[in-house]
Amino acid sequence: MEPEVFTAPWAEAWCAELNASAAYREAAARWEGALVLVMQADPAMGIADPRSLYLDLHHGECRLARPATTDDTGAAPFVLEATPAVWKRVLEGRLDPLLGLMTGKVRLSRGSLAKLTPQVQAAKELVRSAARLATTFPPGWQT
Amino acid sequence: MPPTPHRAFRSTHRSLATAGFPMRLWNKAKEHGVWDPRAIDFSRDADDWRRLDDGQREVLLHLTTLFQAGEESVTLDLLPLIQVIAEEGRLEEEMYLTSFLWEEAKHVELFRRFLDEVAGGPGDLSRFFSDSYHTIFGEELPTALGRLRHDPSPVAQAEASVTYNMIVEGVLAETGYHAYGEMLKRNGLMPGMQRAVDLLRRDESRHMAYGVYLLSRLVAEHGDPVWEAIEGRLGELLAPAVGIIHEIFARYDEMPFGLELDAFVEFAMGQFGKRSARIERARNQSLAEIEAMGAVEA
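Residues numbered from 1 in each chain as written. Chains lettered and ligands numbered in written order. Predicted model: local features only at pLDDT ≥ 70, side-chain atom pairs only at ≥ 80, totals over all residues. Heavy atoms only, no water.

1. Description of the state of the cysteines
Residue and element names in this part refer to chain A.
- All chains considered together, the criterion is met by one disulfide over all chains.
- In this model Cys-15 forms its disulfide with Cys-62; the gap between the sulfur atoms is 2.0 Å. Judged by the sign of its S-S torsion, about -110°, the bond between Cys-15 and Cys-62 is left-handed. Of this pair, Cys-15 sits in helix α1 (residues 8-19) while Cys-62 sits in strand β3 (residues 61-67), placing them 47 residues apart in sequence.
- Since its relative accessible area comes to 9%, Cys-15 is described here as buried.
- Residue Cys-62 is classed as buried on the basis of its relative accessible area of 3%. (Disulfide = S-S within 2.5 Å. Helix = DSSP H or I, 4+ residues; strand = E, 2+ residues; numbered from the N terminus. Buried < 20%, exposed > 50% of the residue type's maximum accessible area, 1.4 Å probe, protein only.)

2. What about the layout of surface pockets?
- Reported here for the largest pocket is a volume of approximately 560 Å³.
- Considering the residues around the largest pocket, the lining is formed by 20 residues, among which A:Arg30, A:Thr117, A:Pro118, A:Gln119 and B:His246 are closest to the centre.
- Elements that contribute at least two residues to the lining of the largest pocket include exactly α2 (22-27) and α7 (120-132) of chain A together with α10 (224-250) of chain B.
- Among the residues forming the lining of the largest pocket, the class breakdown is eleven nonpolar, six polar and three charged. (1 Å grid on protein atoms, 1.4 Å probe; cavity = no way out; pocket = protein on both sides within 12 Å on 5 of 7 lines; lining within 4 Å. Points joined across faces, edges and corners; volume = space filled by probe spheres on them. Nonpolar A, V, L, I, M, F, W, Y, C, P; charged D, E, K, R; others polar.)

3. Description of the sheet that holds β3(A)
Residues and elements named next belong to chain A.
- The strand order β3-β2-β1-β4-β5 describes an open sheet built from five strands, whose pairing is mixed. Every interior strand has two partners, whereas the edge strands, β3 and β5 (107-110), have only one. Averaged over neighbouring strand pairs, the angle between their axes works out to 25° when direction is ignored.
- By the bridge criterion, six bridges tie strand β2 (residues 51-58) to β3 in an arrangement that is antiparallel. Paired with Leu-53 across the bridge in β3 is Pro-67.
- With respect to the sheet, helix α4 (residues 84-91) is in contact with β1 (32-39) and β4 (78-82), its orientation differing from that of β4 by roughly 105°. (Pairing = 2+ DSSP bridges. Axes fitted to C-alpha atoms, helices over the stretch in contact; angles between N-to-C directions. Contact = heavy atoms within 4.5 Å.)

So this is what it looks like as structure tokens:
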């Protein structure tokens, strides 16, 4: 069965997909540092508890991706949070990541927006890579 | 476009919609928008300019150049939108838009006066135009507005307004004028330009209010296809818009006057977020509710 979104095997698959993507490698050539992505709980969307992923990204390479620990969330340069409904729209390519940030739908709960915004193209490729993954979504995601 | 014959005259069989949002903006424009760029006293500004160091002059010239070219672009590119509004018979909106274009023209005059009379007519300033600046002002703005000449559809209007009002005015001009005005005030510099920036920011606040109204009206009238076009267009343009801000700062090892990138980006984000939320609310609003939008600070 395909891994479920925002789980450990899904994170591993995403990391592999990023490392196979020439477009991501080029767009993220100057990206340094880790990123934590938080999916808030929403039982109606099949997410009973929050899910967090830690991505160690360095110059176009994904060095590690796994569920985030509390320490990760406290130490990563950037932490981005959104509801499952918003992540769904991002992963479907229906919500641009920067637009999500600028409208507050994706919340930058840690880090500087000014430091993050130059990495817009990298963020787009990050999302495109995730969208290519064979993914199982909780039942509430089917609309 | 062939001329449309007038078979009736709206203003002879009904009153103007004075309580509607466009007429309220029009009234504000007549009250607050009537100022003359030639009346701005730049004499102290010229003295201040001579006392600045090279780095300070360079950044002021840089920002002023981007404002000058931006105001020229919006003056040249706005007409197709006004034409579409006129073709739809929206008399009150067109009345307001006459002040909108007039004000943009005054802004062109204001910045050119500053360049000539304060900065000493500094010659070719094209070194200040970055890649992202060319993308937005050289390509995206004239293309989106020019499209209205052959495609006046609600989606095309929305994409033009997003480009003009939300990105060029909302993210770039408003943020730039805010930072520029605060920088001059904080450093006690150029009282003439400080006064001028206060005046043109009031003009711009009305322009953006009109943009929010127009986009809200289009969303309320035409629903999701327009809303999705707005989101899509914003997604395309936010990156080069924010890129312009980054490219300004990238030219300087240390930014004069204590200008900070974070402050630029945070301000742009805050203003943008409020406006986009306002437009999104229109998905569940009637036209009457859109007309009753709150008066702008102008």
